[in-house]
Amino acid sequence: MNRIDQLFANKQHGILNIYCTAGFPGPEDTLRVMTSLQTAGADMIELGMPFSDPLADGPVIQESSTRALQNGMSLKKLFTQLKDFRKTIHLPVILMGYLNPVLQFGVEAFLQQCAETGVDGLILPDLPMAEYDKEYKPLFEKYGLHLIFLVTPETSDARLREIDAHSKGFVYAVSSSSTTGKDKDMKTQLAYFERLKAMQLKNPVLIGFGIKDKATFDTACTYSNGAIIGTAFIKAIENNKDIEGTVQQFVQSVKGA
């Protein structure tokens, strides 16, 4: 069973997925941050693949991606860093990025590398579902990888049902139609969250964009299986030498431990 499925089979509520950028804050910090997240009590890791034109990312995550690229990060280096990570890290790990670098790497070669290193799924916001179904679904299934799709407040009920039917792992519910890291009043999103909850989708739902602390995490968890935090975490570690201590403090502050 895919580790994402195992997680949701064992824990239905309060799932904390933390986004971090590969090769950030330092070029060799990828595994250090991931290990620290596991030790601190995160449930899942979303690892960003640095890219020069990240469409869905706000300025903080864009800057982390730029720094990572300046640090020499590439997909080849990332897979080298991840080569033996399953010896110590048991959490589900999802790679988040954009289609262009994957195409340049070669789709099947990329998916094979993901499977061989122990990656569980992918988020590729610019890969349309129709193109995935037509071109790439058999390859994802061949290598046992889940592709996670995003939905927004503007996604119709019919489209939500269609995405849910084609999804594996979980549905990523973007809290609003903007980039990551925007300050939002979560209360304005409650009707959307209520609609998602009432639909009783077959897949678990994680809410992302604008989740930054215990209050917003708890609100998201009221309407879903959990939430994803990115920008606030990147801010916490970007200029901090004590990665382990900072990660521990951040995760505990969100979970209330």
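Values in this document were obtained by computation on a predicted structure and should not be read as measured data.

A. Up close: the pairing of strand β2 (residues 44-48). Within β2, five of the five residues are buried, leaving the element largely enclosed by the surrounding structure. Side-chain alternation along β2 places Met44, Glu46 and Gly48 on one buried face and Ile45 and Leu47 on a second face that is also buried. With five bridges connecting them, strand β1 (residues 15-21) and β2 associate as parallel partners. Its bridge partner being in β2, Cys20 is matched across the sheet by Leu47. Considered for its hand, the β-α-β crossover made up of β1, helix α2 (residues 30-40) and β2 is right-handed. Relative to strand β3 (residues 93-96), β2 is paired through four bridges, and the arrangement is parallel. Its bridge partner lying in β3, Glu46 is registered against Ile94.

B. A look at helix α1 (residues 3-10). Taken together, the buried positions of α1 are Ile4, Leu7 and Phe8. Along the axis of α1, the buried residues cluster in a sector spanning 90°; they form a single face. In α1, the exposed residues that point more than 90 degrees away from the buried face are Ala9 and Asn10. The N-capping residue of α1, defined by a side-chain oxygen 2.8 Å from the backbone nitrogen of Ile4, is Asn2.

C. Here's a closer look at the side chain of Ser167. Here Ser167 shows up in the loop between α8 (157-166) and β7 (171-174). Under the relative-accessibility criterion, Ser167 is labelled buried at 2%. Filtering out sequence-adjacent residues up to four positions away, Ser167 remains in contact with Phe149, Lys202 and Asn203.

D. Summary view of the pairing of strand β9 (residues 226-229). Of the two faces of β9, both are covered, the one formed by Gly226 and Ile228 as well as the one formed by Ala227 and Ile229. Two elements, β1 and β9, share four bridges in a ladder whose sense is parallel. Bridge pairing links Asn17 to Ile228 in β9. As judged from the two bridges shared by strand β8 (residues 205-208) and β9, these two strands associate in the parallel manner. Residue Ile207 lies in a different strand from β9, and its bridge partner there is Ala227.

E. Representation of the packing of α2 against helix α12 (residues 243-255) within the structure. Remark: α2 packs on α12, axes separated minimally by 9 Å, with the N-to-C direction vectors making an angle of 40°. By the criterion of interaxial angle, the relationship of α2 to α12 is oblique. α12 is crossed by α2, and the crossing has right-handed handedness. Across from Arg32, Val33, Ser36, Leu37, Thr39 and Ala40 in α2, the residues of α12 making contact are Ile243, Glu244, Val247, Gln248 and Val251.

F. How the structure looks around the packing of aromatic side chains. Applying the stated criterion to the full structure yields 11 aromatic pairs. Aromatic ring contacts, followed pair by pair, group Phe79, Phe105 and Phe110 into a single cluster.

G. Structural context of the pattern of salt bridges. The tally for this structure, following the rule as stated, stands at 13 salt bridges. A salt bridge links Lys77 to Glu28, with the nearest nitrogen and oxygen atoms 3.3 Å apart. With a gap of 49 residues between them, Lys77 in helix α4 (residues 75-81) and Glu28 in the loop between β1 and α2 connect regions that are remote in the sequence. For Arg32, the salt bridge identified is with Asp29, shortest N-O distance 3.6 Å. Note on Arg32: relative accessible area 32%, which makes it partly exposed. One network of salt bridges, in which partners are shared, links Arg3, Arg86 and Asp120.

H. Layout of the sheet that holds β2. On the basis of which strands lie adjacent, the open sheet formed by nine strands has the order β5-β4-β3-β2-β1-β9-β8-β7-β6 and parallel pairing. The outermost strands of the open sheet, each flanked by one partner alone, are β5 (146-147) and β6 (150-151). Packed onto the sheet, helix α10 (residues 214-223) meets β1, β8 and β9 and runs at close to 140° relative to β9. Docked against the sheet, α12 engages β1 and β9, running at close to 145° with respect to β1.

I. Local environment of α12. Taking 1.5 Å as the rise per residue, α12 with 13 residues should run 18 Å; its terminal C-alpha atoms sit 18 Å apart, in good agreement. Those residues of α12 lying buried are Ile243, Thr246, Val247, Phe250, Val251 and Val254. Take α12 and look down its axis: the buried residues cluster within an arc of 120°, on one side only. At the exit of α12 stands Gly256, carrying a positive phi of roughly 75°.

Conventions we followed
Residues numbered from 1 in each chain as written. Predicted model: local features only at pLDDT ≥ 70, side-chain atom pairs only at ≥ 80, totals over all residues. Heavy atoms only, no water. Buried < 20%, exposed > 50% of the residue type's maximum accessible area, 1.4 Å probe, protein only. Helix = DSSP H or I, 4+ residues; strand = E, 2+ residues; numbered from the N terminus. Pairing = 2+ DSSP bridges. Right-handed = clockwise from strand over helix to strand, strands pointing away. Arc of directions from axis to C-beta. Polar contact = N/O pair within 3.5 Å; in protein donor to acceptor, adjacent residues only side chain to side chain. Contact = heavy atoms within 4.5 Å. Axes fitted to C-alpha atoms, helices over the stretch in contact; angles between N-to-C directions. Parallel < 35°, antiparallel > 145°, perpendicular 65-115°, else oblique. Left-handed = near helix turned anticlockwise from the far one by under 90°. Phe/Tyr/Trp six-rings, centres within 6.5 Å; stacked < 30°, edge-to-face > 60°. Salt bridge = Lys/Arg side-chain N within 4 Å of Asp/Glu carboxyl O. Expected span 1.5 Å × (residues − 1).

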